[in-house]
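One letter stands for each residue in the lines below.
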Amino acid sequence: MMKRKILIKDGEKTVFKGKILNIPVKDEAIRAKSLDLFDDDDPCIIHQSFVMKQFAETLESLFQENNTDKIRFKDFEDTLDFLDIEATEDTTIEIS
Amino acid sequence: MIYLDYAASTPPSQKTIELMAKAMRDYPANPSSLHGAGIAAKKRYNQAKTGIASVFNVKKDDLITTGSATEAINHVIKGTYFKHPDKTIVTTTIEHAAVKETCAFIRKQGGNVIEIPTDSDGFLLLETLKKTLDTNPVSLVSVIYANNETGVIQDVGAIRRLLEPYGVPLHLDMVQAPLHQKVDLQEIGADYASFSAHKFNGPKGVGLLYKKPGFEIESLIHGGNHEKERRAGTENLAAVIGTENALIESVNARQAREKIIGENARFFLDKLKALDIDHRLNGPTLDDARLNSILNIGFKDQDAQMLSFLLNEEAIYLSIGSACHSDIIEVSHVLRAMGVPKDYIKGSLRFSLSHNETKADLEKTAKTIKRLIDSGKTKK
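Each chain carries its own residue numbering, running from 1 in the direction its sequence is written. Going through the entries in the order they are written, you letter the chains from A and number the ligands from 1. Only residues with pLDDT of at least 70 are given local features in this predicted model, and only at 80 or more are side-chain atom pairs given and counted; all residues enter the totals for whole chains, interfaces and linings. Note that the side-chain values use all heavy atoms of the structure and ignore hydrogens as well as water.

What about the packing of helix H3 (residues 69-83) of chain B against helix H4 (residues 97-108) of chain B?
Residues and elements named next belong to chain B.
Thought 1: With their axes 9 Å apart at the nearest point, H3 and H4 run at an angle of 30° to one another. The angle between the axes of H3 and H4 places the two elements in the roughly parallel class. Seen from above, H3 lies across H4 with right-handed handedness. Between H3 and H4, the contacting residues are Thr70, Ile73, Asn74, Ile77, Lys78, Tyr81 and Phe82 on the first element and Ala98, Val99, Thr102, Cys103, Phe105 and Ile106 on the second.
Thought 2: Each residue gets one label: Ala, Val, Leu, Ile, Met, Phe, Trp, Tyr, Cys and Pro are nonpolar, Asp, Glu, Lys and Arg are charged, and the others, such as Gly, are polar. Grouping the amino acids of the contact of H3 with H4 by side-chain chemistry returns 9 nonpolar, 3 polar and 1 charged. Angles run from 0 to 180 degrees between N-to-C directions of axes, and those axes are lines fitted to C-alpha atoms, restricted for helices to the stretch in contact. The helix and strand labels rest on DSSP assignments: H or I over at least four residues marks a helix, E over at least two residues marks a strand, and numbering proceeds from the N terminus. An angle counts as roughly parallel when it lies under 35 degrees, as roughly antiparallel when it exceeds 145, as roughly perpendicular when it falls between 65 and 115, and as oblique in every other case. The hand of a helix crossing depends on one turn: near helix anticlockwise from the far one by less than a right angle means left-handed, and clockwise means right-handed. Whether two residues are in contact is decided by their heavy atoms, any of which lying within 4.5 Å being enough.

If you want it as structure tokens, here you go:
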């Protein structure tokens, strides 16, 4: 997981490019996940990092389960609700 | 589930749980109350404390019951500082946070604290300790007896002999010891020693502080005259009864348990080797001056956080030695102090064993680590 890179594009525009562990995640999603896991809405950095890994794993598994390197955000909108992006019909996510 | 985090906490036995529940039913009164029910509770409390004290070969009244080992440690270090603010407190670079952060507090108050470094196996540099004693007015030396991250056991006899001419008291953080070793405080020669019940299958929320008669430190918690006016707060009778039982059970099972742990530790290390996993055991080799139950293993060029995260996903539970400081996750200060090589330190995990795991559990753990490393998911 550590070395995997994510490219989020909206049409031709790059929205995010970087390591999977650095994907943009909504603050409220981190808080909600932390509440779910630890019953703590103000997690320390170690717990935040654990939560981020959970989101990264959710994203990575989408590619694995669908046997593809590229997905359309809209096809997995509910699962990827944690991503802090302004998605459109043209938003795609690639893994490498 | 494969639980390899016994250095973090150990489960109470069914008998301990039942004894505690029974105590809560049978002794509802305050042990300090001077009526029949209170006196009965006090008597039972003193009996349990006597039982604990006898395991450690000390007198009941030399033990102070606290809410945790952290509290016991705070009591010794702050209590010493408040009594002797102009003197130096000496500790080591490989202490548990309970000592490390208490010493940081002392520094914030303007006190002087010196940390003695260790060699690459984690053993205290005695020469440096001697020089420190020669050049500073020292009020206390606090040393972790068996390290919680590496299992390294310090040469307390040598430390004790070094301190004697200076008349400096020795505090030992003995939290990891009672489950695995005989703890005879007279033989060891500690002036203060701290313990935690849940590290030897006792309940959480109980610590013990041994204080040798003749040493005076300030109390930290004031109120009633509990614990001979050394630690106020209503006695936690049920938890102390549970602690006594857990300690006695741990002594009775020790020989058989340590034999299994030693065999399992060897088996696990052999498996890692057989699977050709690039790793190093941080600290001395098995059966050296160490607890065989704590294996701190560095995996070359791996990210320990990711490894432990993915092991957790497969229901294999263990710990990493990192801690959070402000907004960064730092690698273990213990491993840094020991000078663990850069390519292994960030990939270091603590496997803390008991007698409960089977060889199949350990083989599965080793194979899972191999699979995760080979997948490239955990590469730094």
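Structural notes on the side chain of Arg254(B)
Thought 1: Assignment of secondary structure puts Arg254(B) in helix H9 (residues 237-274).
Thought 2: Apart from the residues within four sequence positions on either side, Arg254(B) is in contact with Pro178(B), Leu179(B), His180(B), Gln181(B) and Lys182(B).

Digging into the confidence of the model for chain B
Thought 1: Chain-level statistics for chain B give a pLDDT mean of 95 and a share of 98% at 70 or above.
Thought 2: Across the interface, the model reports ipTM at 0.71; the global pTM reads 0.90. pLDDT: the predictor's confidence for each residue, scored from 0 to 100.

Structural notes on the sheet that holds strand E6 (residues 170-173) of chain B
All names here are of chain B.
Thought 1: Criterion used throughout: strands pair if DSSP finds at least two bridges between them. Within the open sheet, the 7 strands sit side by side as E2-E8-E7-E6-E5-E3-E4. Their pairing is mixed. Because the sheet does not close on itself, it has two edges, and the strands there are strand E2 (63-66) and strand E4 (112-116). Strand-to-strand twist in this sheet, taken as the mean axis angle between neighbours without regard to direction, amounts to 20°.
Thought 2: Direction of pairing for strand E3 (residues 88-92) relative to E4: parallel, over a ladder of 5 bridges.

Some remarks on unusual backbone geometry
All names here are of chain B.
Thought 1: Of note in this structure, Asn57 is not a glycine but carries a positive phi near 55°.
Thought 2: Turning to its location among the elements, Asn57 is positioned in the loop between helix H2 (36-55) and E2.
Thought 3: We note that Lys228 has phi near 55°; this positive angle belongs to a residue other than glycine.
Thought 4: Mapped onto the elements of the fold, Lys228 is located in helix H8 (residues 226-229).

Examining the nonpolar core
Residue and element names in this part refer to chain B.
Thought 1: Formed by 52 residues in total, the largest nonpolar core has its most connected members in Phe56, Leu129, Val141, Leu172, Met174 and Leu185.
Thought 2: Ranked by residues supplied to this core, first place goes to H9 with 7 residues.
Thought 3: For Met174, the residues in contact, after removing those within four places along its chain, are Tyr145, Val183, Leu185, Ile188, Ala193, Ser194 and Phe195. By nonpolar core is meant a set of buried Ala, Val, Leu, Ile, Met, Phe, Trp, Tyr and Cys residues that side-chain atoms within 4.5 Å join together. Only protein chains enter the calculation, and the probe is 1.4 Å; a residue is then buried if its accessible area is under 20% of its type maximum, exposed if over 50%, and partly exposed in between.

Description of H4(B)
Residue and element names in this part refer to chain B.
Thought 1: By this rule the span expected of a helix is its residue count minus one, scaled by 1.5 Å. Compared with an ideal rise of 1.5 Å per residue, which puts 12 residues at 16 Å, H4 spans 16 Å between its outermost C-alpha atoms and is within 8% of the ideal.
Thought 2: Those residues of H4 that fall on the buried side of the exposure criterion are Ala98, Val99, Thr102, Cys103 and Ile106. Buried residues in H4, looked at end-on, bunch into an arc of 120°, giving them a common side.
Thought 3: Of the residues trailing H4, Gly110 is marked for its positive phi of about 100°. By construction, the arc corresponds to the directions joining the helix axis to the C-beta atoms.

Some remarks on the packing of aromatic side chains
Thought 1: Pairing of aromatic rings covers Phe, Tyr and Trp, the last counted by its six-membered ring, and requires centre-to-centre distances within 6.5 Å; plane angles under 30 degrees mean stacked, over 60 mean edge-to-face, and any other angle means tilted. Enumeration over the complete set of coordinates arrives at 9 aromatic pairs over all chains.
Thought 2: Consider the rings of Phe50(A) and Phe309(B), whose centres lie 5.1 Å apart with planes at 70°: the pair is edge-to-face. Highlighted residues: Phe50(A) in helix H2 (residues 45-65) and Phe309(B) in helix H10 (residues 304-313), drawn from two different chains.
Thought 3: Where Phe55(A) meets Phe82(A), the ring centres are 4.5 Å apart and the plane angle is 25°; that geometry is what we call stacked.

Looking at the pattern of salt bridges
Thought 1: Within this document, salt bridges are pairs made up of a side-chain nitrogen of Lys or Arg and a carboxyl oxygen of Asp or Glu, the two lying within 4 Å of each other. Applying the stated criterion to the full structure yields 26 salt bridges over all chains.
Thought 2: Between Asp75(A) and Arg72(A) there is a salt bridge, with the nearest N and O atoms lying 3.5 Å from each other.
Thought 3: The shortest N-O distance in the salt bridge between Glu235(B) and Lys42(B) comes to 2.8 Å. Within this pair, whereas Glu235(B) is found in the loop between H8 and H9, its partner Lys42(B) is found in helix H2, the two being separated by 193 residues in sequence.
Thought 4: Here Glu235(B) falls in the buried class, since its relative accessible area comes to 8%.
Thought 5: Overlapping salt bridges bring together Arg160(B), Glu164(B), Asp191(B) and Lys212(B) as one network.

Focus: the environment of Ile320(B)
Thought 1: In this structure, Ile320(B) sits in strand E12 (residues 319-320).
Thought 2: Residues within four places of Ile320(B) in sequence aside, it is in contact with Ala304(B), Gln305(B), Ser308(B), Ser348(B) and Leu349(B).

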